Amino acid sequence: MLIKKIPKFDFRDLFIFEMANNHQGSVEHGKFIIREFAKVAKEFNVRAAMKLQFRELDTFIHPAHKESKTNKHIPRFESTRLSEEQFAELVAEICAQGLITMATPFDELSVDMLERLDVEVIKIGSCSASDRPLLERIAESGKPVICSTGGISLTDEDINSNDKNGMVNMDWLNTFFKKRSVDFAIMYCVSIYPMTAKYGNLRKISKMRERYPDLTVGFSTHESPNNTNFAGLAY
């Protein structure tokens, strides 16, 4: 039997442009953003991906909270809702502009859609790094994975003894992905919006590189747009 060997994804020197919900629910506006960022990537010869976010909103938002006005994210998600066909247009535009397609799925159904749209790389948000059912489904996809680690400790020793039950740490993630032969990289991340210099702690990147020498370690940046130092320091 001939077994097709899938080449590993090269995570090095990859910039990720985050679309999130900035398409504002408009395919044309989304395409405009993609084209503008593609111009920047070409001008500076940057290898880059454009990242979308997928949520199956009919099940992602609990029915009791669909009309909530207290959680700002719910009206934001609903007002920027796109159909699979509309996301397909954005994926096609990303490809047409020479960028790598990437998406963050926040639920298992979104992984299904990501596969149907043939998105190249899966990005796991920090909030999902302990979502074991979602991680299992992502591993099943066979796609390369980049995982943010905001809020996750390096090892059990770094976790308060009262909080160890069921906690996920980076060592656990490393073992989880390797046992399932997932091609993956990890990103140092501070889950504060915006991140200030006080909480930067970029030395953690060195610790992660020392502990996982076989992995590419990246930086997921949340500082204020007027702070242009952190990305260079992280690099």
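Refer to the structure printed above.
Everything quoted here is computed from the prediction, not taken from an experiment.

A. Main features of the side chain of Ser110. For Ser110, the position within the fold is in helix H5 (residues 108–116). Within the local environment of Ser110, its side chain forms a polar contact with the backbone nitrogen of Glu56, the two atoms lying 3.4 Å apart. Beyond its immediate chain neighbours, meaning those up to four positions away, Ser110 contacts Phe54, Arg55, Glu56 and Pro105.

B. Spotlight on the state of the cysteines. According to the stated counting rule, one finds zero disulfides in the structure shown. Cys127 takes part in no disulfide bond, and the closest cysteine sulfur to it belongs to Cys189, at a distance of 9.8 Å. There is no disulfide at Cys189, and the cysteine sulfur nearest it, in Cys147, is 9.8 Å away. For Cys189, a relative accessible area of 6% puts it in the buried group.

C. Spatial organisation of the sheet that holds strand E6 (residues 184–189). In space, the seven strands of this open sheet follow the order E1-E2-E3-E4-E5-E6-E7, with parallel pairing throughout. With one partner strand each, in any of the chains shown, strand E1 (15–18) and strand E7 (217–220) form the two edges of the open sheet. For this sheet the average axis-to-axis angle between neighbouring strands, irrespective of direction, equals 30°. Relative to strand E2 (residues 48–54), E1 runs parallel, the two being bridged by four bridges. Paired with Ile16 across the two strands is Ala49, which belongs to E2. In the packing of helix H4 (residues 84–96) onto the sheet, contacts are made with E2 and strand E3 (100–105), and the angle to E2 comes to roughly 175°.

D. Structural detail: the packing of aromatic side chains. Tallied over the entire structure, the rule returns nine aromatic pairs. Between Phe17 and Phe37, the aromatic rings sit 4.8 Å apart at their centres with planes inclined by 45°, giving tilted as the arrangement. Pair noted here: Phe17 is in strand E1 and Phe37 is in helix H1 (residues 27–43), with a separation of 20 residues, a long-range link. Using a relative accessible area of 13% as the deciding quantity, one classes Phe17 as buried. Grouped by ring-pair contacts, the aromatic residues Trp172, Phe176, Phe177 and Phe184 constitute a single cluster. Note that Arg55 overlies the ring of Phe106, its terminal NZ or CZ placed 4.1 Å from the centroid.

Calculation notes
- Residues numbered from 1 in each chain as written.
- Predicted model: local features only at pLDDT ≥ 70, side-chain atom pairs only at ≥ 80, totals over all residues.
- Heavy atoms only, no water.
- Helix = DSSP H or I, 4+ residues; strand = E, 2+ residues; numbered from the N terminus.
- Polar contact = N/O pair within 3.5 Å; in protein donor to acceptor, adjacent residues only side chain to side chain.
- Contact = heavy atoms within 4.5 Å.
- Disulfide = S-S within 2.5 Å.
- Buried < 20%, exposed > 50% of the residue type's maximum accessible area, 1.4 Å probe, protein only.
- Pairing = 2+ DSSP bridges.
- Axes fitted to C-alpha atoms, helices over the stretch in contact; angles between N-to-C directions.
- Phe/Tyr/Trp six-rings, centres within 6.5 Å; stacked < 30°, edge-to-face > 60°.
- Lys NZ or Arg CZ within 6 Å of the ring centre and 35° of its normal.

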